[in-house]
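The lines below spell out each chain.
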Amino acid sequence: MYTERVMDHFNNPRNMGEVDHFNAEGTVGNAKCGDIMRITMRIEDGVIQDVKFKTFGCGAAVATSSMATEMVKGKPVEEALKLTNSAVVEALEGLPPAKIHCSVLAEEAVKAAIDDYQKRRQG
Ligand code: FES
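If you're wondering where the values come from, they're calculated on a predicted model, not measured in any experiment.

A. Representation of helix α5 (residues 100–122) within the structure. Across its 23 residues, α5 extends 34 Å between first and last C-alpha, which sits within 8% of the 33 Å expected from 1.5 Å per residue. For α5, the complete set of buried residues consists of His101, Cys102, Ser103, Leu105, Ala106, Glu107, Ala109, Val110, Ala113, Ile114, Asp116 and Tyr117. In this structure, the buried residues of α5 make contact with β1 (24–29), β2 (36–44), β3 (47–55), α2 (59–72), α3 (77–80) and α4 (85–91).

B. Structural view of the packing of helix α1 (residues 4–11) against α2. Running from amino to carboxyl end, α1 crosses α2 at an angle of 90°, the nearest separation of the two axes being 8 Å. Our classification of the angle between α1 and α2 gives roughly perpendicular. For the pair formed by α1 and α2, the contact residues are Arg5, Val6, His9 and Phe10 on the first element and Gly59, Val62, Ala63, Ser66, Met67 and Glu70 on the second. Across the contact of α1 with α2, the residue classes tally to five nonpolar, three polar and two charged.

How each quantity is defined
Residues numbered from 1 in each chain as written. Predicted model: local features only at pLDDT ≥ 70, side-chain atom pairs only at ≥ 80, totals over all residues. Heavy atoms only, no water. Helix = DSSP H or I, 4+ residues; strand = E, 2+ residues; numbered from the N terminus. Expected span 1.5 Å × (residues − 1). Buried < 20%, exposed > 50% of the residue type's maximum accessible area, 1.4 Å probe, protein only. Contact = heavy atoms within 4.5 Å. Axes fitted to C-alpha atoms, helices over the stretch in contact; angles between N-to-C directions. Parallel < 35°, antiparallel > 145°, perpendicular 65-115°, else oblique. Nonpolar A, V, L, I, M, F, W, Y, C, P; charged D, E, K, R; others polar.

Next up, the structure:
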């Protein structure tokens, strides 16, 4: 039911934890299941140097966040803002339909963290 790629990211999640000296933080809740995702980033000169996640979500949330953090790491924030949950699901070669809502957490937390960074800069 889960692709090999999903199982790989679930069993060996990339970028789990909290970035040291982060300057961007986004925490979001999933309206559908009530689970929570927190993403921290260190952004320098508009580029995401480091990014990590922590989640109370399920295995699909772990796998999608692991993939999403890999996809935005090293990218300019403008590019990271274009990340969609469907691009993450595609990179994982699919998710069962009942778990698509889990992938939204990662996308929203990335956007919330970048929003936080931009607010701090205006600060
Ligand atoms: Fe809540 Fe998957 S069931 S994130």
